[in-house]
Each structure stands twice: as C-alpha cells, then as structure tokens.
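# Overview (structure and organization)
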Amino acid sequence: MITDNEVFPSLFKLISQMHNLSKRDVKHSGMFLGRGRIIHILALSDRPLSQRELADKARIKPGSLTEVLERLERDELIQRERQENDRRIIHVRLTEKGRKTYEKIVAERHQFGRHLLTGIDQEDLERFIRVLTMMEKNLHHYYGDRLPKNEKEGEKLD
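Computed from a prediction, not measured in an experiment: that's the story for all the values here. (Residues numbered from 1 in each chain as written. Predicted model: local features only at pLDDT ≥ 70, side-chain atom pairs only at ≥ 80, totals over all residues. Heavy atoms only, no water.)

Let us now look at the nonpolar core. Ile38, Leu42, Leu54, Leu69, Leu72 and Ile78 are the most contacted members of the largest nonpolar core, which totals 19 residues. Every element with two or more residues in this core is listed here: α2 (33–44), α3 (51–58), α4 (62–74), β3 (90–94) and α5 (96–117). No other element matches α2, which puts five residues into this core. Apart from residues no more than four positions distant in its own chain, Leu69 is found in contact with Ile38, Gln51, Leu54, Ile78, Arg80 and Val92. (Core = buried A, V, L, I, M, F, W, Y, C linked by side-chain atoms within 4.5 Å. Buried < 20%, exposed > 50% of the residue type's maximum accessible area, 1.4 Å probe, protein only. Helix = DSSP H or I, 4+ residues; strand = E, 2+ residues; numbered from the N terminus. Contact = heavy atoms within 4.5 Å.)

So, on to the sheet that holds strand β1 (residues 49–50). Overall, antiparallel pairing links the three strands, which are arranged β1-β3-β2 in an open sheet. Looking along the sheet, the strands with just one partner apiece sit at the ends: β1 and β2 (78–82). Relative to β3, β2 runs antiparallel, the two being bridged by five bridges. Bridged to Arg80 within β3 is Val92. (Pairing = 2+ DSSP bridges.)

Let's shift gears to the environment of Leu125. With respect to the helices, strands and loops of the structure, Leu125 is situated in helix α6 (residues 122–143). Contact partners of Leu125, with chain neighbours within four places excluded, come to Leu117 and Ile120.

A cluster of nonpolar side chains, namely Leu14, Met18, Leu21, Phe112, Leu116, Leu117 and Ile120, defines an oily patch on the protein surface of about 510 Å² accessible area. Mapped by element, the contributors of at least two residues to the nonpolar patch are α1 (4–29) and α5. Its location among the elements puts Phe112 in helix α5. (Patch = residues over 30% accessible without salt bridge, like charges linked within 9 Å, V, L, I, M, F, W, Y side chains within 5 Å. Areas by Shrake-Rupley, 256 points an atom, 1.4 Å probe, with all protein chains shown as cover. Salt bridge = Lys/Arg side-chain N within 4 Å of Asp/Glu carboxyl O.)

For the rest of this paragraph, the subject is unusual backbone geometry. The backbone phi angle of Arg59 is positive, close to 55°, even though this residue is not glycine. Taking the relative accessible area as the measure of exposure, Arg59 reaches 36% and is therefore partly exposed. A positive phi is found at Glu76, a non-glycine position, where the angle reads about 60°. Inspection of the secondary structure puts Glu76 in the loop between α4 and β2. Glu76 gets classed as exposed once you look at its relative accessible area, which sits at 53%.

Read these as geometric descriptors, not functional statements.
Below, the structure written as structure tokens:
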C-alpha cells in the first residue's frame, strides 16, 4: 500500500526539480519570471492595458511593476504610451519583438511539456488529473480557511 510518506516526497521532489529548472532556464534565456508573467498577460490581452490594470492582473505593486516595465521597454519588448485625454494614464502594449518573445516562451513551454509527458498514455494522464483534482478539493475542504484569498476562491492566475 502506498502511503503519504511515498506520495508527497515524490511530488515535492518533482515540483522542486521543475521549479529549479525553470529558474535556471530563465537565467539562461535572459528572461526572468516577472518579465515573463507581464509579457504573458499583455499577449493575452486584446488591447493595451493601463499600468494599473497590468499591476492588478499580475498581482504586483505598481512600484514593482514600473521597474519591470522599464527593463522591458529598454529591451524593446513593450511600449508605454500616455493617454492623450488623461496624461496620468499610461497604456502598455507588446511590441513586435515582445510578441515574438512570447511565442518563443510558449513554444519552449510546450516542448518542455511534451518531453515531461513522453511515454505516459492518455488514460494515465486523465487518472492523474482526476487525482490532482480530488487532492485540491480535499485541500480546500480541510484547509481552505488558511489559503490565500485568491486560492480559496479557486481563482486562477492569468
């Protein structure tokens, strides 16, 4: 019989290895996690976003966002434009270079997923997703009052 003493160390080890690999690859590619998150949000938006909207969607403080945006702008991945009718509002959009960067990030993520899932059949993947879903339900049932608000409500990050 498999116990939690076998399940959780294996699960945590895999998650840790994936996290460490993503951090290493981020450093290797010159893209760090905050930048990738901002590029992702902008790429999925059908319009330029105000800095306030972007900070809210990314769940980061506006001051921290400004620093990230300065780097992205310096690297020509985004463009910031003041609104003509209200100069206090600054809209942010991806440049063509930013969009290509996003497409590269997505392609690399899909390749990583394909490699990680090699040799695992559809039935096992479906069973794994069912088990994860049941574990998440149990987590919310027993510990939901201790989860951060966005996780308690089942809200997903963009």
